Amino acid sequence: MLTETELDLLCLDSQICFSLYSATNAVVRAYRPLLEKLDLTYPQYLAMLVLWEKDGISVKEMGESLHLDSGTLTPLLKRLALKGLVNRGRSETDERVRVLHITEAAHALKLEAGKVPDQMLCKIKMSAAKLNQLKALCDEVYSELS
């Protein structure tokens, strides 16, 4: 039989994982209307953030940046290519390696996407210090678990 303390540990409100899950869902929902204006899903937005920062990277490098495997990443990149935002080519030094380049349309989209972080800050209404602390704690949890 479980003790009172053990029962408390099984309460939903005691679960860190549920708080992270709920916060993640709320953040993604808050991004949705902002990203719809850009014709991007949240995962596509994350991929574009990586590409705007590091144009010409390999699919493997992008997967490492986003913590995604190629099976998840490939369909996402195909959809970005169909939207005219990404060109998927081969490396000049190793033809087995897929290299990603953004298009002129992606450069133009970056200007509009630049408004999204400020729009999200208006929605969240937390101090920059608290948000930086939250990010650091989430990064630490990820690092410990991976």
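I will try to describe carefully the structure that is included in this document.

Calculation notes
- Residues numbered from 1 in each chain as written.
- Predicted model: local features only at pLDDT ≥ 70, side-chain atom pairs only at ≥ 80, totals over all residues.
- Heavy atoms only, no water.
- Phe/Tyr/Trp six-rings, centres within 6.5 Å; stacked < 30°, edge-to-face > 60°.
- Helix = DSSP H or I, 4+ residues; strand = E, 2+ residues; numbered from the N terminus.
- Buried < 20%, exposed > 50% of the residue type's maximum accessible area, 1.4 Å probe, protein only.
- Axes fitted to C-alpha atoms, helices over the stretch in contact; angles between N-to-C directions.
- Parallel < 35°, antiparallel > 145°, perpendicular 65-115°, else oblique.
- Left-handed = near helix turned anticlockwise from the far one by under 90°.
- Contact = heavy atoms within 4.5 Å.
- Nonpolar A, V, L, I, M, F, W, Y, C, P; charged D, E, K, R; others polar.

Enumeration according to the criterion identifies 3 aromatic pairs in this entry. Relative to Tyr42, the ring of Tyr31 lies with its centre 5.2 Å away and its plane at 55°, an arrangement referred to as tilted. Taken together, the residues Tyr31 in helix α2 (residues 16-36) and Tyr42 in helix α3 (residues 42-53) connect sequence positions 11 residues apart. What makes Tyr31 buried here is its relative accessible area of 14%. Seen in terms of ring centroids, Tyr31 and Tyr45 are 5.6 Å apart; in terms of plane orientation they differ by 45°. Their pairing is tilted. Here Tyr31, found in helix α2, pairs with Tyr45, found in helix α3; they are 14 residues apart in sequence, far enough to count as distant. Take Tyr45: its relative accessible area is 3%, and that puts it in the buried class. Ring-pair connections join several aromatic residues into one group, and the members of that group are Tyr31, Tyr42 and Tyr45.

In contact at an axis separation of 11 Å, α3 and helix α6 (residues 104-113) are set at 110° when each is read in the N-to-C sense. With respect to α6, the element α3 is oriented roughly perpendicular. Where α3 crosses over α6, the two elements pack in a sense that is left-handed. Each of Tyr45, Met48 and Trp52 in α3 lies in contact with α6, whose residues at this interface are Ala106, Leu109, Lys110 and Ala113. Each residue belonging to the contact of α3 with α6 can be placed in one class, and the counts come to 6 nonpolar, no polar and 1 charged.

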